[in-house]
Amino acid sequence: MKLIFERSMEGHQCSLVPRSDVPAASLPEKQMRRSTLRLPELSETELSRHYTELSKQAYGVNDGFYPLGSCTMKYNPAVNEEAARLKGFAALHPLQPESTVQGAMEVLYRAEQILCQVTAMDEMTFQPAAGAHGEFTGLLLIKAYHEARKDSARRKIIVPDSAHGTNPASAAMCGFTVVNIPSNAQGGVDIDALRAAVGEDTAGLMLTNPNTLGIFDPNILEITKIVHEAGGLCYYDGANLNAIMGNARPGDMGFDVIHLNLHKTFSTPHGGGGPGSGAVGVKKQLAPYLPAPHVMKTEKGFTFERAAQSLGQVKAFYGNFLVVVRALCYMLMLGGDGMQEASENAVLNANYLRMLLAPNCKVATDGLCMHEFVLDLGEIKKETGVSAMDVAKAMLDEGMHAPTMYFPLIVHEALMFEPTETESKQTLDEAAQTVNALLQAAFTDPERLHNAPSRTPIGRPDDVQAARKPVLRYSFENQ
Amino acid sequence: MNCPENLKYTKSHEFVETLENGNVRIGITDYAQNELGDLVFVNLPQAGDEVTAGEAFGDMESVKAVADVLSPVTGTVCAINEELLDAPQKINENAYEAWMIEVESPELEDGLMDAAAYAAFCESEK
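Residues numbered from 1 in each chain as written. Chains lettered and ligands numbered in written order. Predicted model: local features only at pLDDT ≥ 70, side-chain atom pairs only at ≥ 80, totals over all residues. Heavy atoms only, no water.

Draft legend 1. Main features of the domain arrangement of chain A. Residue and element names in this part refer to chain A. Partitioning chain A into domains gives domain 1 (78-334) and domain 2 (336-456). The straight-line distance from the C-alpha centre of domain 1 to that of domain 2 is 29 Å. Opposite the 26 residues of domain 1 that make contact, domain 2 presents 26 residues. Summing the contributions of domain 1 and of domain 2, the shared interface buries around 1,800 Å²; its carbon and sulfur component is 62%. For domain 1, the biggest contributors to the area lost against domain 2 are Leu213, Asn242 and Leu334; these three give 30% of the whole. Our enumeration of links across domain 1 and domain 2 arrives at zero salt bridges. Connecting domain 1 to domain 2 are seven residue pairs in polar contact (both at pLDDT 80 or more). Counting residues per element, the side of domain 1 that touches domain 2 draws most heavily on helix 12 (residues 321-357), at three residues. For the side of domain 1 that touches domain 2, the residue count by class is 13 nonpolar, 12 polar and one charged. (Domains from an automatic or database assignment. Contact = heavy atoms within 4.5 Å. Buried area = accessible area lost by both parts, 1.4 Å probe. Salt bridge = Lys/Arg side-chain N within 4 Å of Asp/Glu carboxyl O. Polar contact = N/O pair within 3.5 Å; in protein donor to acceptor, adjacent residues only side chain to side chain. Helix = DSSP H or I, 4+ residues; strand = E, 2+ residues; numbered from the N terminus. Nonpolar A, V, L, I, M, F, W, Y, C, P; charged D, E, K, R; others polar.)

Following this line, the structure appears as structure tokens:
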């Protein structure tokens, strides 16, 4: 399709931009632009057609099945959007006096209270913009904690090999040395390897539980104990909280600091821009270092506090506030029982889909999974030449989103499915039938899978060129 | 299985080629490049840097994954294959010609495999 710049016609315009309701300010002459902005010129009709066409090329959870593993692409209830669009939330200015935004501050306060209850944490910040930013903030907290105790020789963060790629990246960004430890045969943390890895230089451990194979680590209490006994702290990556929300709590497992992806577990939009929210929760001993400002409840109402030992700000103002509005709305609509039921259904759906697909493909781990599972197409590739990539691309042709591919790295031809709780049995039955047919087609018609997708707006993009020479902006003719 | 007889191999899929002057060249194996898929970036150390057996000296990014490259030897880097920085696809085209670093007066890690042992190891990995 044409880019918006290619649709531009000189002199075309529309009246969507409101008139300025403040007096025009004057700028010194030398700071004025000398040329006009090269904005596309379109009439409202053309503009509307452009965005409608664009929307038809996109695929969201509103279009169909979206089993993108570890991303929790659940349906986001419309009521969340209604709440977030209330003028009292949407039209606020972040610098308004506190007395005029008590309701918004109560949203932050109540969301913190409920999420701390769900995770067994003591305090929480909503500043981080999304998951990896939450990880980085959590690691800064761990660093601040050790430094305040004059224990700054603790420079190592232990990360299992099944971790999300962002974990080692965040640790390295924070100046820590990453120590990778292997998984055991069941996909959990290798306890002996962990024991051998911890020591006086251990700052902490980063763990996702359930992990990326969809396995809840049965040794979790022992794992956190080993790290604590060595003097380290335990970080919980909340990417997979949808498996346990309302049923098990990271704080009870021995974690000291966690991040939550409100845009995954708590049903706020993500993919295609979000914005996200990587709320970070901590146990008491880390609370003094939390980013500021932090909402507190006092006799006079809600106030923003800045603790003396706070890290300061990690993002402008209070984070992505309207995402917190949506998450709070979601939690209040479901209630405690509803949240528990949601994660139970997420696990049930994943196991149901796993059993439907298992006759046609090896599952990477034995036994029950949590909210997601990984298919191992290694044998299929060896026999037929059809790869996980081919099957994922063929799924696009069938009108569904692909699962997460080639992750976790410990499974070579991995397809990771996370159906979430918001899919019906009927949808899962249909999806399984389609995927099973594709897995069988690997043996009967491998060419079809190699050539997929053929029915999508874009075929197979050149991944190598896209990574090495990405075209990120429009090139004007007269440049 | 493409693994030349004159090379030594690691379990993490690097190869070691011993040159006539005693220096060694290190790269990744054909099996490794095939598993990684099309490479898009390679990060290498600089000449003069020290490498330590068992520790990463560089990393590479493919369309599928990012992976460290571990050094099978301890010693000083005397040359890097700069061509790879702009053309990592050379590794996909011919992994054994696309050496990454050359190390002088190296101490080789214990337990390097010969071609037959490496081929058997890869078979067991599948």
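Draft legend 2. Local environment of the nonpolar core. Residues and elements named next belong to chain A. One finds Phe126, Leu194, Phe255, Leu260, Leu262 and Phe266 to be the most contacted residues of the largest nonpolar core, which totals 59 residues. Contributions of two or more residues to this core are made by helix 5 (102-119), helix 8 (191-197), strand 4 (202-207), helix 9 (220-229), strand 5 (233-237) and helix 12. Sorting elements by how many residues they give to this core places helix 12 first, with 12 residues. Looking at which domains feed residues into this core, each of domain 1 (78-334) and domain 2 (336-456) gives three or more. Setting aside residues up to four positions removed in sequence, phenylalanine 255 forms contacts with Met121, Leu207, Ile220, Thr224, Cys234, Tyr235, Tyr236, Pro250 and Lys283. (Core = buried A, V, L, I, M, F, W, Y, C linked by side-chain atoms within 4.5 Å. Buried < 20%, exposed > 50% of the residue type's maximum accessible area, 1.4 Å probe, protein only.)

Draft legend 3. View of the packing of aromatic side chains. Counted under the stated rule, the structure contains 13 aromatic pairs over all chains. When the centroid spacing of 5.9 Å and the interplanar angle of 65° are considered together, the rings of phenylalanine 89 of chain A and phenylalanine 321 of chain A count as edge-to-face. With phenylalanine 89 of chain A in helix 4 (residues 87-90) and phenylalanine 321 of chain A in helix 12, this pair connects stretches of sequence that are 232 residues apart. Accessibility classification places phenylalanine 89 of chain A together with phenylalanine 321 of chain A in one group, the buried group. Among the aromatic side chains, those forming a connected cluster through ring pairs are Tyr9, Phe15, Tyr96 and Tyr118 of chain B. (Phe/Tyr/Trp six-rings, centres within 6.5 Å; stacked < 30°, edge-to-face > 60°.)

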